[in-house]
Amino acid sequence: MPTKTFFNLPEEKHDKLMRAIKQEFSRVPFSQVSVNKIIQVAQIPRGSFYQYFKNKTDVLEYILRDYRAQMRARIQQSIETHRGDIFALMSDILDFTIELGSSRDMGAFIKHLFSDMKVNSGFYIDFVRNSKSDFQETFMNRIDLEILNISDTRELKNMLEILVTITQRTAVRFFAGMYDADSVRRQYQEKLMLLKRGFLKERNICACCK
């Protein structure tokens with residue numbers, strides 16, 4: 001994580017450094033990210049960079065933590081809006097991921113992250129594992145169980161594992177350029193409809209899912 005010095009930067013200097021960081025992380029895959037390029041664009045001494053971050057992996061962790069915070073906020077908003085409907089929540093999570101991946105600031109960065117196999121280090125695996133735990137804690141106790149055809153916590157966890165896996169794989173296909181956003185969403189909804197038939201109680205299944 002960044003040092004206190006980074007968080008105490010004046011707003012203008014902070015924003016300039018973050019623009020330089022995002023520009024570099026969007027320019028090339030993580031394995032090719034250059035600290036020299038960042039400090040050139042940000043117009044800061046090399047020593048200043050290392051007063052803020054340990055290395056470029058530290059920068060990556062900060063960006064990903066910011067992404068996770070945005071995701072958590074989206075989850076909280078969605079679960080309130082849809083009153084604990086886990087399927088609507090998962091659709092919102094995919095939409096958020098696609099929106100972020102389509103943005104000018106983060107799109108190229110996220111695509112590089114998915115495509116650069118060197119990012120799949122112990123650090124990244126740990127981050128994903130922790131994110132899953134944080135993700136489940138955010139909404140686990142707020143899911144509307146009355147609409148679900150499950151009998152215990154074990155079945156609920158298994159259902160979530162299936163939904164999370166499908167959502168992650170769909171996001172990877174989008175970032176890998178295999179499908180456009182509309183195609184990805186359409187295929188995802190088709191899979192969700194199949195799952196709804198098994199996980200929703202009969203009275204909660206809409207006509208389009210039958």
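Residues numbered from 1 in each chain as written. Predicted model: local features only at pLDDT ≥ 70, side-chain atom pairs only at ≥ 80, totals over all residues. Heavy atoms only, no water.

> Give me the packing of helix α6 (residues 86-102) against helix α9 (residues 153-175): which residues, what numbers.
Each pair of packed helices gets described by two things: the angle between the helix axes and the distance between those axes. With their axes 10 Å apart at the nearest point, α6 and α9 run at an angle of 25 degrees to one another. In this view, α6 runs roughly parallel relative to α9, as classed from their interaxial angle. In the crossing of α6 with α9, the sense of the turn from one axis to the other is right-handed. For the pair α6 and α9, the contacting residues are I86, F87, M90, I93, L94, T97, I98, G101 and S102 in the first and M159, L160, L163, V164, T167, T170, A171, F174 and F175 in the second. Residues belonging to the contact of α6 with α9 are distributed by class as follows: 13 nonpolar, five polar and no charged. (Axes fitted to C-alpha atoms, helices over the stretch in contact; angles between N-to-C directions. Helix = DSSP H or I, 4+ residues; strand = E, 2+ residues; numbered from the N terminus. Parallel < 35°, antiparallel > 145°, perpendicular 65-115°, else oblique. Left-handed = near helix turned anticlockwise from the far one by under 90°. Contact = heavy atoms within 4.5 Å. Nonpolar A, V, L, I, M, F, W, Y, C, P; charged D, E, K, R; others polar.)

> Summarise the nonpolar core; cite the residues concerned and give the values.
Core analysis: the largest hydrophobic core is formed by 61 residues, its most contacted members being L17, F25, I86 and L148. With near-sequence residues (within four places) excluded, L148 lies in contact with I86, F87, I143, L156, M159, F199, L200 and K201. (Core = buried A, V, L, I, M, F, W, Y, C linked by side-chain atoms within 4.5 Å. Buried < 20%, exposed > 50% of the residue type's maximum accessible area, 1.4 Å probe, protein only.)

> Residue-level account of the packing of aromatic side chains, with values.
Tallied over the entire structure, the rule returns 11 aromatic pairs. Ring geometry for F49 versus Y50: centroids 5.1 Å apart, planes at 85 degrees, classification edge-to-face. Given the relative accessible area of 0%, F49 is considered buried. In this structure an aromatic cluster arises from ring pairing among F6, F7, F49, Y50, Y52, F53 and Y62. The ring of F30 has K56 lying over it, and the distance from NZ or CZ to the ring centre is 5.1 Å. (Phe/Tyr/Trp six-rings, centres within 6.5 Å; stacked < 30°, edge-to-face > 60°. Lys NZ or Arg CZ within 6 Å of the ring centre and 35° of its normal.)

> Let's hear about helix α2 (residues 11-27): which residues, and what values?
Relative to the 24 Å expected for 17 residues at 1.5 Å per residue, α2 spans 24 Å between its end C-alpha atoms, a close match to the ideal helical length. Those residues of α2 that sit buried are L17, M18, A20, I21, E24, F25 and S26. (Expected span 1.5 Å × (residues − 1).)

> Outline the pattern of salt bridges, listing residues and values.
Inspection of every chain in the model, using the stated rule, returns four salt bridges. Among the ionic pairs, E24 bridges to R27, the shortest N-O distance being 2.9 Å. Of this pair, E24 and R27 both sit in helix α2, separated by three residues, roughly a single helical turn. By relative accessible area, which is 5% here, E24 ends up buried. Residue R27 is classed as partly exposed on the basis of its relative accessible area, which comes to 45%. One salt bridge connects R185 with D95, and the closest N-O pair in it is separated by 2.7 Å. Within this pair, whereas R185 is found in helix α10 (residues 181-199), its partner D95 is found in helix α6, the two being separated by 90 residues in sequence. Among the residues examined, R185 registers a relative accessible area of 27% and is labelled partly exposed. (Salt bridge = Lys/Arg side-chain N within 4 Å of Asp/Glu carboxyl O.)

> Residue-level account of helix α3 (residues 35-42), with values.
Restricting attention to buried positions, one finds in α3 the residues V35, I38, I39 and A42. All buried residues of α3 project into a common sector of 90 degrees when viewed along the axis, lining one side. Looking at the buried residues of α3, the elements they touch are α2, α4 (46-52) and α5 (56-81). Two to three positions downstream of the cap, the backbone nitrogen of N36 sits 3.2 Å from a side-chain oxygen, assigning the N-cap of α3 to S34. Two residues or fewer after α3 comes Q43, characterised by a positive phi angle close to 60 degrees. (Arc of directions from axis to C-beta. Polar contact = N/O pair within 3.5 Å; in protein donor to acceptor, adjacent residues only side chain to side chain.)

> Lay out the packing of α6 against α10 in plain terms, naming residues and giving numbers.
At a minimum axis separation of 11 Å, α6 and α10 run at an interaxial angle of 165 degrees. Compared by their axis directions, α6 and α10 come out roughly antiparallel. Taken as a pair, α6 and α10 cross one another with a handedness that is right-handed. Across from F87, M90, S91, L94, D95 and I98 in α6, the residues of α10 making contact are A181, V184, R185, Y188, Q189, L192, L195, K196 and F199.

Honestly, that's just the spatial picture; any functional story needs more than this.
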